Amino acid sequence: MFAISDHRLNPTSELDLTALGLEMYDFIIRLYPVCRSITGNGVRETLQAIREYVNLEIREVPSGTRVLDWTVPPEWNIRAAYIKDPSGRKILDFANSNLHVVGYSIPVHQKMSLENLKPHLFTLPDRPKAIPYRTSYYQKDWGFCLAHAQFEQLIDGEYEVFIDSTLEPGSLCYGEAYLPGNLDEEVLISTHVCHPSLCNDNLSGIAVATFLARSLAGRSRRYSYRFLFVPGTIGPITWLAFNQSRTNSIRYGMVLACVGDDGPFTYKRSRQDKAEIDRIVSHVLATSGKEYEIRRFIPYGYDERQYCSPGFNLPVGCLMRTPHGEFEEYHNSDDDLNFVQAEALAGSLHQCFRIVEVIERNHSFLNTAPYGEPQLGKRGLYDGTEEQRHALLWVLNYSDGSHSLLDIAELSNLNFSIVAEAADRLLARGLLKEADKKSLES
Amino acid sequence: MFAISDHRLNPTSELDLTALGLEMYDFIIRLYPVCRSITGNGVRETLQAIREYVNLEIREVPSGTRVLDWTVPPEWNIRAAYIKDPSGRKILDFANSNLHVVGYSIPVHQKMSLENLKPHLFTLPDRPKAIPYRTSYYQKDWGFCLAHAQFEQLIDGEYEVFIDSTLEPGSLCYGEAYLPGNLDEEVLISTHVCHPSLCNDNLSGIAVATFLARSLAGRSRRYSYRFLFVPGTIGPITWLAFNQSRTNSIRYGMVLACVGDDGPFTYKRSRQDKAEIDRIVSHVLATSGKEYEIRRFIPYGYDERQYCSPGFNLPVGCLMRTPHGEFEEYHNSDDDLNFVQAEALAGSLHQCFRIVEVIERNHSFLNTAPYGEPQLGKRGLYDGTEEQRHALLWVLNYSDGSHSLLDIAELSNLNFSIVAEAADRLLARGLLKEADKKSLES
Amino acid sequence: MFAISDHRLNPTSELDLTALGLEMYDFIIRLYPVCRSITGNGVRETLQAIREYVNLEIREVPSGTRVLDWTVPPEWNIRAAYIKDPSGRKILDFANSNLHVVGYSIPVHQKMSLENLKPHLFTLPDRPKAIPYRTSYYQKDWGFCLAHAQFEQLIDGEYEVFIDSTLEPGSLCYGEAYLPGNLDEEVLISTHVCHPSLCNDNLSGIAVATFLARSLAGRSRRYSYRFLFVPGTIGPITWLAFNQSRTNSIRYGMVLACVGDDGPFTYKRSRQDKAEIDRIVSHVLATSGKEYEIRRFIPYGYDERQYCSPGFNLPVGCLMRTPHGEFEEYHNSDDDLNFVQAEALAGSLHQCFRIVEVIERNHSFLNTAPYGEPQLGKRGLYDGTEEQRHALLWVLNYSDGSHSLLDIAELSNLNFSIVAEAADRLLARGLLKEADKKSLES
């Protein structure tokens, strides 16, 4: 028989969140230097590292493959790059920061005047010490990114530019971890792995998704879980192209991105707007005791825009802390190891645990004594705190077949776990029964 | 033929509210000393007093009777109780305040040390001069309540405790007044009669319900009215157990409690949330010119929790002034004759009259000249105040078969009675006709 | 094939709004002295002036004709009127202001004491320099309006009063301009022409409606447009009486009144409350960059009360700046040529153009590549401003058959014209197709 307690998570007592935060931070330190892009060996290296924590399938999709409206691009790899100034001094070196080279730069080795070089140089005049992050995936070009302060020191003369890259047929690779549960219906967690040395965007998402998957692998699951570690845009498009029929099983989904800074949580609802995942995350954040913001769906942002394209229209939202573009360190070299915090990572993982708890434990019951209030005292239920007694009354009053525990948590403004505990006690005393056989696992 | 004016109430001119307030206050003075509980002679005495105003049936239900999930408890009666201090001086006497004895205390007569007595003594440390109100209905025990200031003066030594009570098979009694109207559909007014010497909670509810019933008995009624004077929780449960089939006729309902203090009105909506009674009371309070608050249903509070249990789910809200637990005098000896006010009682009764007026007069009509605006001038209707002329236009424009007078009052922000007067004038000129034969009385 | 660009209006570049404002102001100067009423030659003269700009049919409906619940009144004309004081001095002359005579005054010529005259004199004690505007259409009477300051100077003695008017069988006349479009469905613009020398109420509405009609006559139209220049109340009632079957074709409608002062825009929604016209005007004003207010329907105001009577219930709102009765110059001689402004008139016309643009260009499309996001870059669509790129994504994501361009503009908070431009570009690249053949013109 089903008991919601079977799927209880109690991360704050079972797991040491502080230790988990430090572990995730160490994982980010390790992955920080790797030069990732939408294809190439940096992504492979990243996926191999994740695989040490999670049983990951690594998929390779050949360049040129048609995926929905797109085509898998050539694979890009880079070994070295530099600029030498007129005196022959190396003034910029890819070895120091992989942000120095525009992603997908074609190989180049030539001498040129500063005037001719300038159109290939990118800086942030308003943030003169930071190196910007730039790519040119679908337009063949090359370029360098550097601090504006350095750019302003450049003297006239002949410069040597060198990029030892290849852009040739290969494959796009992504990682997929599937954790089967009692139900075929699944929860999709997707995070992008295409950014080079940027910590919040998105080593934070990679770390939290990895540790969430590791934790879920070790416990019983009502739902099945699918984790996707994919390059942005082309990654989910590729997965969706090959898994169109599977998407019917996706009942809940979340994109994780920018979850390592110390800003308040931000949840962007799915295109469905009132999908259960939207209600769950809203409830979890509302009862988190922390500042948070819920936003409407907009058709730009992270990979939720693919899952939420009108043909799929999946119930997939996006959990962030400070959203992309709204922190100054966004897409530049200041999104570094100082910007993300072990404590923030732990806090993000904690909210993910709470979201999973609601997904796992939400259920509809029927009050077996619906006429009048059942007498709690004679069943030994008239104890506990006032909040716990109120939770019993809320669950009894609204367990009428048309309200789930989540509905009741929303109505009562009680934390879902208090409501679920009350339901467990009432179930044990026979005051509740299952509302609907169909939605239960065998 | 139906005319809404037949069911008009005009309490402010027809009745002297000030006199009514004083009459209700006198009634409370009379009932204040009676020791009520959920059973026993104090309830009988109270019901007999109500019967002097209202044609009340008094029901007796034997102890042990199964009522829904509950069992009617033994009957409790008490004649005397005291504590004598080590010097033999009577330091606490039931004769001074029936709050001194925990309700449903079993008989006791023994000598004991202060140490052994203390677990049986209850005080309010934060309100040291007040005697708390406590009961132990379903757990056999005995105890005394006293002012914390007195408790702190108690010296060591041997005390004599004496409670001359009986707890034995008898019956639970409650009062029921049924006032038939043109329609079988009925309005339920329920108020609890189980509290001893506490004025706002709930001699105020008893007084207002009694005088409302007396007033309704004396005039024509479209709806039938049922007044229940019942002990809390077990009372409505008992009534519901024996009247389950009758509940289908309940179209409107209200629990009256704590309506004698000078706080603003508070209305707690029914579980249905948008039942007509909820809209009516909200409208009446919104147009009362007084401060008020409307609250959502929660499954604890007064007896509305029984009427609104999911099996019944009746359209029953709860009208209060300051809600239970939100005034300092709640459930202690300061809820006395000084705390309730004749003027507040009169104001509560006045709003009840206004609620009844909307119940009685709400109706849907059809504009008989719906194309363009009918010419009011040629019918002698272009007179009165601007508000009255606007009311005519509102009624004409929205009398399309899908809007009741209450809908129109809500849309227009006009007082229901102005809207009803306008409808009466338009009916008289033939500009309105009845919308729906079915909902009219024969 | 349909292209929304066919019906684009770009008034700010195509038309010189400043010049249009001055032209409208000149038109108001010309019509200001004319003595209009609900019937009579002043209305005819006004309609003839409008006819110089718009191909207007002028309808004459005989006095005594039954129109819905009303009867067309006798025709009123006035040539002269005065009051002479006891010394024989003409102290009030209709030639100076047609507001001096109560509209529909019957002829009179007699001598009378001040005491007997006073009941026929009307002033504004709170605005002592202004002449009020009064009428007595359906009650036979006569009277004069004058400044309260002058009234207070009147000395006792015998006065001579003279009104050379006629009130006799004739006709009510109104103007109607019909501009056929590709669709039979039509847009109704109605404005009242019955007020004498008052500029904002409603020469402003007459001017804006006239110039809007002139502009629409000169361009392609998807919808048909009907402009009504009608006396208040009896005018729309007369039109509705004879055109009841035509009203089914009215898909959008607006009453224009008081659109010449410099107050913020006010739109009063139709009785339908969420009609497409209500959403369109709300969107247009919300994206106007100007202060504005949207109000609920109320059954009094201008002629929208006739179009929105329950039998018709047409989607007709009312566009104003400062609403009637809410400016001090309302219905008195201070609503003069100084009170209305060329710039305000131009601004009102501009918003009308924008409203028409949405009416003409709103449409529902289907994204032809709904799975994932289509690759914009390969189609040359990844250019323009960020707002323009976002507009492309909004249109693609929500073109699912259940969202119109107006829906998308509302969802995205983008100006409708940005959204329509995006749709045009996507249509041209084959990424959109028509959602619904039925709603398209042949």
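Throughout this description, residue numbers start from 1 for each chain and increase along the sequence as written. Both sets of labels track the order of writing: A upward for chains, 1 upward for ligands. This being a predicted model, a pLDDT of at least 70 is required before a residue's local features are given, and a value of 80 or more before pairs of side-chain atoms are given or counted; all residues contribute to the totals for chains, interfaces and linings.

J.: Please set out the overall build of chain A residue by residue, giving values where relevant.
T.: Check the secondary structure of chain A and you find 13 helices and 19 strands. Burial is judged by counting the other C-beta atoms within 10 Å of a residue's own C-beta: 20 or more makes it buried, 12 or fewer makes it exposed, and any count in between marks it as partly exposed, with every C-beta position built from the backbone. For chain A, buried positions account for 51% of its 442 residues. Considering only contacts within chain A whose residues lie at least 6 apart along the sequence, 80% involve residues at least 24 apart. Secondary structure elements follow DSSP: runs of H or I of four or more residues count as helices, runs of E of two or more count as strands, with numbering from the N terminus. Any two residues are considered in contact once their C-beta atoms, placed from the backbone, lie within 7 Å.

J.: How would you sum up the interface of chain C and chain B? Please name residues and give values.
T.: In this complex, chain C contributes 14 residues to the contact, which on the side of chain B involves 14 residues. Looking at the side of chain C that touches chain B, the elements that each hand over two or more residues are helix 7 (234-242) and helix 9 (304-307) of chain C. Residue composition of the side of chain C that touches chain B, grouped by class: nine nonpolar, three polar and two charged. Residues are grouped as follows: nonpolar covers Ala, Val, Leu, Ile, Met, Phe, Trp, Tyr, Cys and Pro; charged covers Asp, Glu, Lys and Arg; every other residue, Gly included, is treated as polar.

J.: Tell me about helix 2 (residues 17-31) of chain C, and name the residues and values.
T.: Residue and element names in this part refer to chain C. The end-to-end C-alpha distance of helix 2 is 21 Å, a good match for the 21 Å that 15 residues give at a rise of 1.5 Å each. Inspection of helix 2 places Leu20, Gly21, Met24, Tyr25, Phe27 and Leu31 among the buried residues, and these make up the whole buried set. The buried residues of helix 2 all sit within an arc of 155° when viewed along its axis, so they share a single face. Pointing more than 90 degrees away from the buried face of helix 2 are the exposed residues Thr18, Ala19 and Asp26. Here the buried face of helix 2 lies against helix 3 (41-51), helix 6 (199-217) and helix 10 (342-361). Here a helix's expected span is defined as the number of its residues, less one, multiplied by 1.5 Å. Read the arc as the range of directions from the helix axis to the C-beta atoms.

J.: Could you give an account of the nonpolar core, naming the residues involved and the relevant values?
T.: Side chains of a nonpolar character, in soluble globular proteins, are inclined to be buried together. Met24(A), Val208(A), Phe229(A), Leu345(A), Val395(A), Val419(A) and Ala423(A) are the most contacted members of the largest nonpolar core, which totals 134 residues. The leading source of residues in this core is helix 10 (residues 342-361) of chain A, at eleven residues. For the purposes of this analysis, a nonpolar core is taken to be any set of buried Ala, Val, Leu, Ile, Met, Phe, Trp, Tyr and Cys residues that are connected through C-beta atoms within 7 Å.

J.: I'd like a description of the relation of the copies chain A and chain C, backed by residues and values.
T.: In screw terms, the move from chain A to chain C is a rotation of 120° and a rise of 0.1 Å along the axis, fitting with an RMSD of 0.1 Å. With respect to symmetry, the two chain copies, as superposed, fit the operation of a three-fold axis. In terms of C-alpha distance to the rotation axis, chain A has Lys274(A) as its closest residue, with the C-alpha 13 Å off the axis. The copies were overlaid by least squares, fitting only the C-alpha atoms of residues that reach a pLDDT of 70 or more in each copy.

J.: Pulling in residues and values, what's your account of the interface of chain A and chain C?
T.: On the chain C side, the residues contacting the 14 residues of chain A number 14 residues. Sorting the residues of the side of chain A that touches chain C by element identifies helix 7 (234-242) and helix 9 (304-307) of chain A as the ones contributing at least two each. Among the residues forming the side of chain A that touches chain C, the class breakdown is nine nonpolar, three polar and two charged.

J.: Could you give an account of the pairing of strand 1 (residues 57-62) of chain A, with specific residues and numbers?
T.: Residues and elements named next belong to chain A. Burial of strand 1 is sparse: only zero of the six residues sit out of reach of the surface. Relative to strand 10 (residues 171-179), strand 1 is paired through six bridges, and the arrangement is antiparallel. Looking at strand 10, one finds that Arg59 is bridged to Tyr174. DSSP bridges decide pairing: two strands pair if at least two such bridges lie between them.

J.: Summarise the domain arrangement of chain A; cite the residues concerned and give the values.
T.: Residues and elements named next belong to chain A. These domain limits were set by an automatic method or by a database of domain assignments. Domain boundaries in chain A define domain 1 (4-72 + 171-361), domain 2 (76-168) and domain 3 (364-439). For domain 1 and domain 2, the distance between their C-alpha centres works out to 32 Å. Tallying the contact residues gives 14 residues for domain 1 and 15 residues for domain 2. Per-class residue counts for the side of domain 1 that touches domain 2 are four nonpolar, eight polar and two charged.

J.: Please give an account of the sheet that holds strand 19 (residues 432-434) of chain B that cites residues and values.
T.: All names here are of chain B. With antiparallel pairing, three strands are arranged side by side in an open sheet as 18-17-19. For this open sheet the edge positions go to strand 18 (400-404) and strand 19, each flanked by a neighbour on one side alone. Strand after strand, the sheet turns through a mean of 40° between neighbouring axes, direction not considered. The sheet contact formed by strand 17 (residues 364-367) and strand 18 spans two bridges and is antiparallel. Residue pairing in the sheet places Ser364 in a bridge with Ser404 of strand 18. Lines fitted to C-alpha atoms define the axes, with helix axes restricted to the stretch in contact, and inter-axis angles between N-to-C directions lie between 0 and 180 degrees.

J.: How would you sum up the confidence of the model for chain A? Please name residues and give values.
T.: Detailed conclusions should not be drawn from predicted coordinates in areas where pLDDT is low. Residues and elements named next belong to chain A. Of the residues in chain A, 95% have a pLDDT of 70 or more, and the chain-wide mean is 95. Predictor confidence is given residue by residue as pLDDT, running from a minimum of 0 to a maximum of 100. Across residues 1-8, where pLDDT falls below 50, the model places 18 contacts with residues more than four positions away in sequence or in other chains. Taken together, the stretch residues 10-14 has pLDDT below 50 and engages in four contacts with residues farther than four places along the chain or on a different chain. Overall fold confidence (pTM) sits at 0.92, and the ipTM for the predicted complex is 0.93.

J.: Outline helix 12 (residues 405-412) of chain C, supporting the account with residue identities and numerical values.
T.: Residue and element names in this part refer to chain C. Among the residues of helix 12, those classed as buried are Leu405, Leu406, Ile408, Ala409 and Ser412. Down the axis of helix 12, the buried set is contained in an arc of 160°. They therefore lie on one face. Note on helix 12: the residue one or two positions beyond its end, Asn413, has a positive phi of about 60°.

J.: Go over the sheet that holds strand 5 (residues 90-93) of chain C, please, and point to the residues and values.
T.: Residue and element names in this part refer to chain C. The strand order 5-4-9-6 describes an open sheet built from four strands, whose pairing is antiparallel. At either margin of the open sheet sits one strand with a lone partner, and together these are strand 5 and strand 6 (108-113). Between one strand axis and the next, the sheet turns by 20° as a mean value, whatever way the strands run. As paired strands, strand 4 (residues 75-84) and strand 9 (residues 158-168) are joined by nine bridges and run antiparallel to one another. Residue pairing in the sheet places Ile83 in a bridge with Val161 of strand 9.

J.: Lay out the packing of helix 6 (residues 199-217) of chain B against helix 10 (residues 342-361) of chain B with the relevant residues and their values.
T.: Residue and element names in this part refer to chain B. Interhelical geometry of helix 6 versus helix 10 gives an angle of 45° and a closest axis separation of 10 Å. Relative to helix 10, the element helix 6 lies oblique. For the element pair helix 6 and helix 10, the recorded crossing hand is right-handed. Contacts between helix 6 and helix 10 involve Ser204, Ala207, Val208, Phe211, Leu212 and Leu216 on the former and, on the latter, Leu345, Ser348, Leu349, Cys352 and Val356. Each residue belonging to the contact of helix 6 with helix 10 can be placed in one class, and the counts come to nine nonpolar, two polar and no charged. Comment on the angle field: the value is read as roughly parallel under 35 degrees, roughly antiparallel over 145, roughly perpendicular from 65 to 115, and oblique elsewhere. Throughout, a crossing is termed right-handed when the near helix is turned clockwise from the far one, and left-handed when it is turned anticlockwise from it by less than a right angle.

J.: Just give me the short version of the environment of Pro236(B), but keep the residues and values in it.
T.: All names here are of chain B. Residue placement: Pro236 occurs in helix 7 (residues 234-242). Residues Pro236 and Tyr138, spaced 98 residues apart in sequence, show a C-alpha to C-alpha distance of 17 Å. Once residues within four sequence positions are removed from consideration, Pro236 is found in contact with Ser190, Val230, Asp303, Gln306 and Tyr307.

J.: Go over the pairing of strand 17 of chain B with me, naming the residues and quoting the values.
T.: For strand 17 of chain B and strand 19 of chain B, the ladder comprises three bridges, and the chain directions are antiparallel. For Leu366(B), the partnering residue across the bridge sits in strand 19 of chain B and is Lys433(B).

J.: Report on the packing of helix 2 of chain C against helix 6 of chain C, specifying residues and quantitative values.
T.: Helix packing geometry: the angle between the two helix axes and the distance between the axes. Residue and element names in this part refer to chain C. Contact geometry for helix 2 and helix 6: axes closest at 9 Å, N-to-C directions at 130°. Overall, the two elements helix 2 and helix 6 adopt an arrangement that is oblique. As for how helix 2 packs across helix 6, the hand of that crossing is right-handed. In contact with Leu20, Met24, Phe27, Ile28 and Leu31 of helix 2, helix 6 contributes Cys199, Leu203, Ile206, Ala207, Val208, Thr210 and Phe211.

J.: For the environment of Phe27(B), give the residues involved together with the corresponding values.
T.: Residue and element names in this part refer to chain B. Relative to the helices and strands, Phe27 resides in helix 2 (residues 17-31). Along the chain, Phe27 and Leu203 lie 176 residues apart, while their C-alpha atoms are 8.7 Å from each other. Residues within four places of Phe27 in sequence aside, it is in contact with Ala207 and Thr210.

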